[in-house]
Amino acid sequence: MIVNRTYVLDRADVAAAGGLLPAIEKTFDNEPLRWFISAATPEQLTIESTDYTDELALPVGEPGWLPGAGPQVVVSIVPTGIGCSIGGFAGDAGPATALLAQAGDYVVTNPNAVNASDFIYINDRVLYTEGSCVDQFCRGRVNLYRPRLNKIGVIIEHADPAAIAGALNIVNTARAVYGVDIVDVVVTPERIGTHSVQQPSGSYVGTIERPEVLLDAARTLLERGATAIAVTSDVQNLNTDAYTDHFRGGHPNPVGGVEAIISHLLVRTLGAPAAHAPLKNFKDITLNHGLVDPRGAGEFVSANGLASVLIGLRHAPQIRPDTRAGTIDAVGINNIAAVVAPASALGGVPVLEASRRGIPVIAVADNTTILDVTADNLGLDGVIPASNYIEAAGIVLALRASVSLDSLRRPLATQHPIEIGKLEALR
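The sections below set out a description of the structure shown in this document. (Residues numbered from 1 in each chain as written. Predicted model: local features only at pLDDT ≥ 70, side-chain atom pairs only at ≥ 80, totals over all residues. Heavy atoms only, no water.)

Quick look at the sheet that holds strand S4 (residues 73–76)
Working step 1: Reading across the sheet, the 6 strands line up as S8-S5-S4-S18-S19-S20 and stay open at both edges, with parallel pairing between neighbours. With partners counted over all chains shown, the strands left at the sheet margins are strand S8 (126–128) and strand S20 (384–386), one partner each. The sheet shows a mean angle of 25° between the axes of neighbouring strands, direction not considered.
Working step 2: Here strand S5 (residues 106–109) pairs with S8 via 3 bridges, running parallel. Bridge assignment links Val108 to a residue of S8, and that residue is Leu127.
Working step 3: Against the sheet, helix H3 (residues 94–103) makes contact with S4, S5, S8 and strand S18 (336–342), and its axis sits at roughly 140° relative to S5, the strand it touches most.
Working step 4: Sheet contacts for helix H11 (residues 349–357): S18 and strand S19 (361–364); angle to S18, the most-contacted strand, approximately 135°. (Pairing = 2+ DSSP bridges. Helix = DSSP H or I, 4+ residues; strand = E, 2+ residues; numbered from the N terminus. Axes fitted to C-alpha atoms, helices over the stretch in contact; angles between N-to-C directions. Contact = heavy atoms within 4.5 Å.)

Pasting the structure below:
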């Protein structure tokens, strides 16, 4: 069973546990599929989580140690379902992702940052990585192995013949135009039952009625040789007014949260890269004509979200070497040069783990969200502010070039020696 929960954590418990991550993990009844801090005050933290009551485990051993010398990785976090002004719509973080990829050797980012239904802005420097893999990567529990070519298995939820035919046409287009290797397609015998759920914070998550139907289909495809799983299903319980407001640029994406739950469940249970696409885009229940916000236009002009997922999964990194997919390159925790995230949404695993390890965290003010979980509110020290992604990319370049950020700012303070007497007093 999948259950959405809200936990409240006293700040005193954080101090007693020796840090944010240990304190948060002690609050959970079950190991969650996904969680984030949705509110932070001087007295308490609010954590929203989605739990899976059956056993969860990434089916991998300890990752092999990879030296820090080698590719430098930027981890770009664009949380879904919280109204990110950049990346919270339909692939509209593609340009920012491409820029960060040029600043590093690779950028690790979640699929929703670049997926735009029939469109996707991605290249070989973008490691298209599902959210739970990003979390485990930033905790040093898995490495990411860039494959030569994944073999993709496709799950289509039971639906009317026209919707299934539409999805199959997209599958065949991806094969013919992009050379995507599709191992097989499974149409589920019954509905998976994916539902959009809005949390008290205003963020969107989701639930799945029949997770066993999803997992059985994925296991069948893996047995047939798939090394990555694409899922397309119809998300239910969508609020028409909310989705209309989303297309106008004024509301979080109601679908993103449940998409994350689907991919998290598959990866945490089966260990293969996975991503979800809506079986039917939702313009028909909202706006039937006219212009929409440019950030959601990719979804509005597409009938189905599957194309971008198939293209993205083609080179999605594995969390263990797989000879069937081949391995071109590998990166681990020691390769992370910086973690970049919206300044008001710093309450996730990648940022908290990076802060704990002393990995630079860059907080982008321009990427606003519905949350107010900032470095100051969390008590995180050393977070580097950036006005926008242009500035964030410059900061990454400075870090890679071993250039002090202070040396690039003016005024540049004069350095004075500490007098011996004062030094002794400080001791």
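From this point, the discussion proceeds with the structure in view.
What to know about helix H6 (residues 211–223)
Every α-helix winds through 3.6 residues per turn, so residues three or four apart in the chain are directed the same way.
Working step 1: Over its 13 residues, H6 extends 18 Å from the first C-alpha to the last, a length consistent with the 18 Å expected when each residue adds 1.5 Å.
Working step 2: Elements in contact with the buried residues of H6: strand S3 (44–52), strand S10 (151–156), strand S11 (181–187), strand S13 (204–208), strand S14 (228–233) and helix H8 (256–270). (Expected span 1.5 Å × (residues − 1).)

Quick look at the nonpolar core
Working step 1: In terms of nonpolar packing, the biggest core is built from 122 residues, with Val75, Phe137, Leu266, Leu310 and Leu378 touching the most fellow members.
Working step 2: Look past the residues within four positions of Leu378 in its chain and what remains in contact with it is Arg11, Leu20, Ile37, Ala40, Leu45, Leu346, Gly347, Leu352 and Val373.
Working step 3: Core analysis: the second largest hydrophobic core is formed by 9 residues, Val258, Phe282, Val292 and Phe300 among them. (Core = buried A, V, L, I, M, F, W, Y, C linked by side-chain atoms within 4.5 Å. Buried < 20%, exposed > 50% of the residue type's maximum accessible area, 1.4 Å probe, protein only.)

What about helix H7 (residues 240–247)?
Working step 1: Those residues of H7 that fall on the buried side of the exposure criterion are Ala242, Tyr243, Thr244, His246 and Phe247.
Working step 2: On its buried face, H7 is in contact with S13 and helix H9 (297–300).
Working step 3: Two or three places before Asp241, at the start of H7, stands the capping residue Asn239, its side-chain oxygen 2.9 Å from that residue's backbone nitrogen. (Polar contact = N/O pair within 3.5 Å; in protein donor to acceptor, adjacent residues only side chain to side chain.)

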